[in-house]
Structure formats: C-alpha cells, structure tokens
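Observations on chain architecture
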Amino acid sequence: MKGGGYYSQRTRGAKDVIDNASEMLVEAADAIDLPDKGRAIVLADFGAADGGTSESALRKCIERVRMRFSDAQIQISYTDLPSNDFSALFKNLLGFGSLTANTYLTDIENVYVNACGIGFHKQLLPDASLDIGFSATAMHYISEKPGPIENHVHMVGASSNTLTAYAAQAQKNWNDLLLARANELRPNGQLVMLNFGIDEEGRYLGHTGGVNMFDTFANLWTQMRDEGVISSDEFINTAFPQYYRTVEEFCAPFKNEDSLVYQAGLRLISARTGVVKCPYRKAYDESDGTMSAREFAQSYIPTLRSWSEAVFLNGLDDARPLEQRHLIVDDFYKRYEDRVASDPDGHAMDYVHCYLAVRKIADQS
Ligand SMILES: C[S@@+](CC[C@H](N)C(=O)[O-])C[C@H]1O[C@@H](n2cnc3c(N)ncnc32)[C@H](O)[C@@H]1O
C-alpha cells in the first residue's frame, strides 16, 4: 500500500466495509472465554496497513471485551508485510497521524499494541494465545505469483491454465493461513474475516455492472505498451499477486471433515457475501450536478491508486531510473482519470466481500 497515511485517507470504502461489519467483532467479543488469571486478552488485525480503517471497529470490540472482563489487559497485535508503513500505523493509533486525535489507544486504559511485519501465511503468534483474529480486505493476496498473465494484469482476466495455477496457489495459501490461525487461537477463540471475493452473481471489486475496473487497468497498460511507453516484458511482468476466491472456495476447508483445517478444530459460524457501494461514485451521483466529471475522476482515481500503484511500479524494468518509473505510473493514472472525466458513466469501485466468522472448538476429542 502507499505509505505516509495515504492509504487510510484515500480508502473510505475499505473503512465503510469494516464499520458495516463491526457487529461481527462485537459478537466475537461476546463469545470468547474468560481469560486465565493474569493473562491478557489478545486481538490481532492481519494485514492492517496503517491501522486507520479498522480503528473504530476495533474500539467497539475492545469496549465490549472491557465490559465483559473489566480488569483484563487487552493486547492488539497488528500484522502486515515487512514493507508496510508501520510508522504511519503507530502515528494513527497515537492520534497524531492523518486521522482522528482520539483513538482507543488514547482513550482506553490497559490496552497495549504491538506489530509484526511478517506475512499472515505463517504462524505469527504463539500456540493458543489469540482470542480474536480479524482481517479485512487482505487475504486475497497470494504469497507468490504462479506465473505471468497473458494480455491482462489480474486473475479475473486470466485464461484457463493460468487461472488454474492461480486457484491452486490461492487454495494452498488459504489452507496455510487457516492452519496458522488454528494454532494461534485459544479454544473458543474467533476469527472475523472480510475478504475480497467473487459473489454468487459473479461480481467482484470494480465489476458490479458498470465499467470493469481491472479491464480498464489492462486496457490502459496495453495502450501504453502499444505506444512504446512500456515494453512487452514490462507488460508481462505486471500482474496483481491476488486471487478472488468464490464462497465455495472460502468454505471448502470447513465443509470437508477430512481437511487439515477441520481437523485442527476450525468451524464456520457464518459466511455471506455483500456489496458496499463506492463512496466516491455515491458522492458524485448525489451531488446533483454540482460536482463535475473531472472532479469525480480526481476524487476517484486516488482510491484505486492507493492499493494498485505498487503493482504497476514493480512491473517496470529496474534499469529505468526510479524517477522515470514514477513518471510512467503518473501517466497511467492520468490516462485513467482522463477516461473517467470524459465519460464517467459506469465507473465505480464497489467492494464485493465474503464475510466469514469462524471459531476454534474447545475440545477436539
Ligand atoms: C487493501 S489493504 C487492507 C488494509 C486494511 N486491512 C483495510 O481493510 O483497510 C491490504 C493489506 O494487506 C497487506 N498484505 C498483503 N499480503 C499480506 C500478507 N501475506 N501478510 C500480511 N499482510 C499482507 C498489504 O500490505 C496491505 O496492507
């Protein structure tokens, strides 16, 4: 993600997704067991970015935990990749980042935070130490790309063999990360996971009936290749390390009693899909013509850029000076902005998620 607090400032939709699902965290807080004497209640946010989007939902969860266990110390572990801007995260939590001055950390006593910069496909916390694991809009990232994607930049536009390879990688990663969480969870601990995916109607991020966002990315990148702005190798080198799972793919390890995940004691409490409307599109539609198409484009493109820019930058040849790579990527997003400004119809990044609640059973015998 783009650092320096840019992520939370430009990602209102991701915060809406979490805020709308905050009741799931409160329900998880209602379900966990009394901590053993002298032991803290441990919460973790897996793939937290700068922590800004989850702060208010975690506050609700912490308040409920505190209501149930008034003396308990509460620890929140934030995890993300080593490249994450953890400095922005701590500034946000201390109230002197780009967000609000009051956070759960500034307002609630006996709450402790720490961070881990290791990917969530591995176990990150000691066995049976985690009470509530949370993750939003992060577990669609796969640990490695199984290969290039012909004529596209995302698996949603991949052809059969490539798609099969991405699906296999995603299945392995899903099993690995669930097994890691199974080890970390205490008996009766809970997982709340809000994951990008493909819903029952085939919808996914930026593809809910209007202009397909990932096709637009691919189309503009192709245009730049055909004009010679980027090379064919750079085009091929550009692919999102992501996979959007279907509900069936999310639920498969919980439904098969022989799966390692099931054997490790994880049980599905609920799974549902939901669409959260693009807030930038909504503001434009509700502006009754006071917002111009250009103003809409200028408000909309930064939210795409906040999470996609690194993929296009990394696709470019290292031999190019860094400044040149940035200019190419600026050009790419300017083309996207111009396209939206010239014909805004159908452009929106609606969020499509699969909302999963999972518990670790207390007794596997
Ligand atoms: C779109 S952001 C979501 C951030 C935040 N959870 C939210 O919902 O607004 C995805 C985050 O997942 C992180 N991420 C990607 N792969 C990861 C991995 N293997 N382990 C941990 N975090 C990962 C990214 O670095 C990024 O911060």
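The shown structure was predicted, so the numbers you read here are calculated from the model rather than taken from an experiment.

This part is about the overall build of the protein. Summing up its helical and strand segments, the protein has 14 helices and 8 strands in all. The C-alpha atoms of the protein give a radius of gyration of 21 Å, which matches the 21 Å a tight globule of 365 residues would have. Dimensions of the protein along its principal axes, counting C-alpha atoms only, are 65 × 45 × 40 Å. For the protein, with 365 residues in total, the buried portion stands at 43%.

A few words now on the nonpolar core. The nonpolar side chains of soluble globular proteins are, as a tendency, buried together. Counting 98 residues, the largest nonpolar core has Leu25, Ala28, Leu43, Cys61, Ile132, Val153 and Val192 as the members making the most contacts within it. For this core, the domains that each give at least three residues are domain 1 (6-205 + 244-277 + 351-360) and domain 2 (213-233 + 281-342).

Axis angle and axis distance: for two packed helices, these are the angle between their axes and the distance between the axes, and together they describe the pair. Two elements in contact, helix α13 (residues 293-315) and helix α14 (residues 322-342), have axes whose closest approach is 9 Å; the angle formed by their N-to-C orientations is 145°. Relative to α14, α13 is oriented so that their crossing is right-handed. On α14, the residues that touch Ala293, Arg294, Phe296, Ala297, Gln298, Tyr300, Ile301, Arg305, Glu309, Phe312 and Leu313 of α13 are Arg325, Val329, Phe332, Tyr333, Tyr336, Glu337, Val340 and Ala341. Considering only residue class, the contact of α13 with α14 consists of 13 nonpolar, 1 polar and 5 charged.

Attention now moves to the domain arrangement of the protein. Per the domain assignment, the segments making up the protein are domain 1 (6-205 + 244-277 + 351-360) and domain 2 (213-233 + 281-342). Just the C-alpha atoms count here: the centres of domain 1 and domain 2 sit 28 Å apart. Taken together, the 12 residues of domain 1 in the interface contact 11 residues of domain 2. Considering only residue class, the side of domain 1 that touches domain 2 consists of 5 nonpolar, 5 polar and 2 charged.

Note on placement: Arg203 falls in the loop between β5 (185-198) and α8 (213-226). A residue is classified by how many C-beta atoms lie within 10 Å of it, and Arg203, with 16 of them, is partly exposed. For the pair formed by Arg203 and Val275, sequence separation is 72 residues and the distance between their alpha carbons is 8.8 Å. Aside from chain neighbours lying at most four places away, what touches Arg203 is Thr208, Val275 and Val352.

Rules used throughout
- Residues numbered from 1 in each chain as written.
- Predicted model: local features only at pLDDT ≥ 70, side-chain atom pairs only at ≥ 80, totals over all residues.
- Helix = DSSP H or I, 4+ residues; strand = E, 2+ residues; numbered from the N terminus.
- Rg over C-alpha atoms; globule rule 2.2 N^0.38 Å.
- Buried ≥ 20, exposed ≤ 12 C-beta atoms within 10 Å, placed from the backbone.
- Core = buried A, V, L, I, M, F, W, Y, C linked by C-beta atoms within 7 Å.
- Domains from an automatic or database assignment.
- Axes fitted to C-alpha atoms, helices over the stretch in contact; angles between N-to-C directions.
- Left-handed = near helix turned anticlockwise from the far one by under 90°.
- Contact = placed C-beta atoms within 7 Å.
- Nonpolar A, V, L, I, M, F, W, Y, C, P; charged D, E, K, R; others polar.

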